Amino acid sequence: MSLPRHSVSVTGVVIRSEDGKVLIIKRMDDGRWVPPGGVLELNETPEQCVVREVWEETGIEVSPVRLVGVYKNMNLAVVSLAFLCEAIGGEPRASSESSVVTWVTPEEAVERCPEARGIRIQDALSAHGPYVRAHDGTSLLPTPRT
């Protein structure tokens, strides 16, 4: 009998302090707008991963501020740890994973992103949390009553 396996990833909700704009990318693989992020490697902490992934995908250096929430893609068994991050350097540039990297207002970011990604931006800007949410890759799923 094999045990269930989950993949763990991170999401960086990067805020630019001078104007409050949010960093989003247009993914190369599916053309969706999302905050940057990716899969946690075995030899790194979640904080190290979010710094690496944001840099690789966008050219922006970040400092993680706090955990925003835990988000599970129920269809793919991917658990993502989302972090609010402060931009501390670098210049936006596309990569092999992102065709466009841009700074937009939080409202524009939420509007462009699928609900399951936009909620991470809203959660990051909330004074509450961290949040625990489930989704199907695009839309949030109802929260089960316990």
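Residues numbered from 1 in each chain as written. Predicted model: local features only at pLDDT ≥ 70, side-chain atom pairs only at ≥ 80, totals over all residues. Heavy atoms only, no water.

Novice: Can you lay out the overall build of the protein chain for me, pointing to particular residues and giving the numbers?
Specialist: Looking only at helices and strands, the protein chain has three helices and eight strands in total. Listed by position from the N terminus, the elements making up the protein chain come as β-β-β-β-α-β-β-β-α-α-β. For a compact globule of 146 residues, the expected C-alpha radius of gyration is about 15 Å, and the protein chain comes in at 15 Å, within 12% of that figure. For the protein chain, the C-alpha atoms occupy an extent of roughly 50 × 30 × 30 Å along the three principal directions. A burial count over the protein chain gives 41% of its 146 residues as buried. A separation of at least 24 residues holds for 67% of the contacts in the protein chain among residues at least 6 apart in sequence. Accessible surface, the protein chain as shown: approximately 8000 Å² in total, 54% of it carbon and sulfur. Positive and negative side-chain charges in the protein chain, numbering 15 and 20 respectively, have mean positions lying 6 Å apart. (Helix = DSSP H or I, 4+ residues; strand = E, 2+ residues; numbered from the N terminus. Rg over C-alpha atoms; globule rule 2.2 N^0.38 Å. Buried < 20%, exposed > 50% of the residue type's maximum accessible area, 1.4 Å probe, protein only. Contact = heavy atoms within 4.5 Å. Areas by Shrake-Rupley, 256 points an atom, 1.4 Å probe, with all protein chains shown as cover. Lys, Arg positive; Asp, Glu negative; His and termini not counted. Charge placed at Lys NZ, Arg CZ, Asp CG, Glu CD.)

Novice: Give a detailed account of the packing of aromatic side chains, specifying residues and quantitative values.
Specialist: According to the stated counting rule, one finds zero aromatic pairs in the structure shown. A cation sits over an aromatic face here: Arg 93 above Trp 55, 5.3 Å from the ring centre. One Lys or Arg, Arg 112, reaches over the ring of Trp 33 and ends 4.8 Å from the middle of that ring. (Phe/Tyr/Trp six-rings, centres within 6.5 Å; stacked < 30°, edge-to-face > 60°. Lys NZ or Arg CZ within 6 Å of the ring centre and 35° of its normal.)

Novice: Could you give me a rundown of the pattern of salt bridges, with the residues and numbers involved?
Specialist: Pairing between side chains of opposite charge can happen when their charged atoms approach one another. Tallying each qualifying case throughout the model produces nine salt bridges. Ionic pairing is found between Glu 41 and Arg 52, a salt bridge with its closest N-O pair at 3.7 Å. Separated by 11 residues along the polypeptide, Glu 41 in the loop between β4 (37-39) and α1 (46-58) and Arg 52 in helix α1 bring together distant segments of the chain. Classification of Arg 52 by relative accessible area gives buried; the value is 17%. Among the ionic pairs, Glu 44 bridges to Arg 52, the shortest N-O distance being 2.6 Å. If you follow the salt bridges from partner to partner, you end up with Glu 41, Glu 44, Arg 52, Glu 53 and Glu 56 in one network. (Salt bridge = Lys/Arg side-chain N within 4 Å of Asp/Glu carboxyl O.)

Novice: Could you give an account of the pairing of strand β1 (residues 7-15), naming the residues involved and the relevant values?
Specialist: Of all nine residues making up β1, seven are buried, and the element is well covered by its neighbours. Relative to strand β6 (residues 78-90), β1 is paired through nine bridges, and the arrangement is parallel. Of the residues in β6, the one forming a bridge with Gly 12 is Phe 83. Note that β1 and β4 share three bridges and pair antiparallel. Bridge assignment links Ser 9 to a residue of β4, and that residue is Val 39. (Pairing = 2+ DSSP bridges.)

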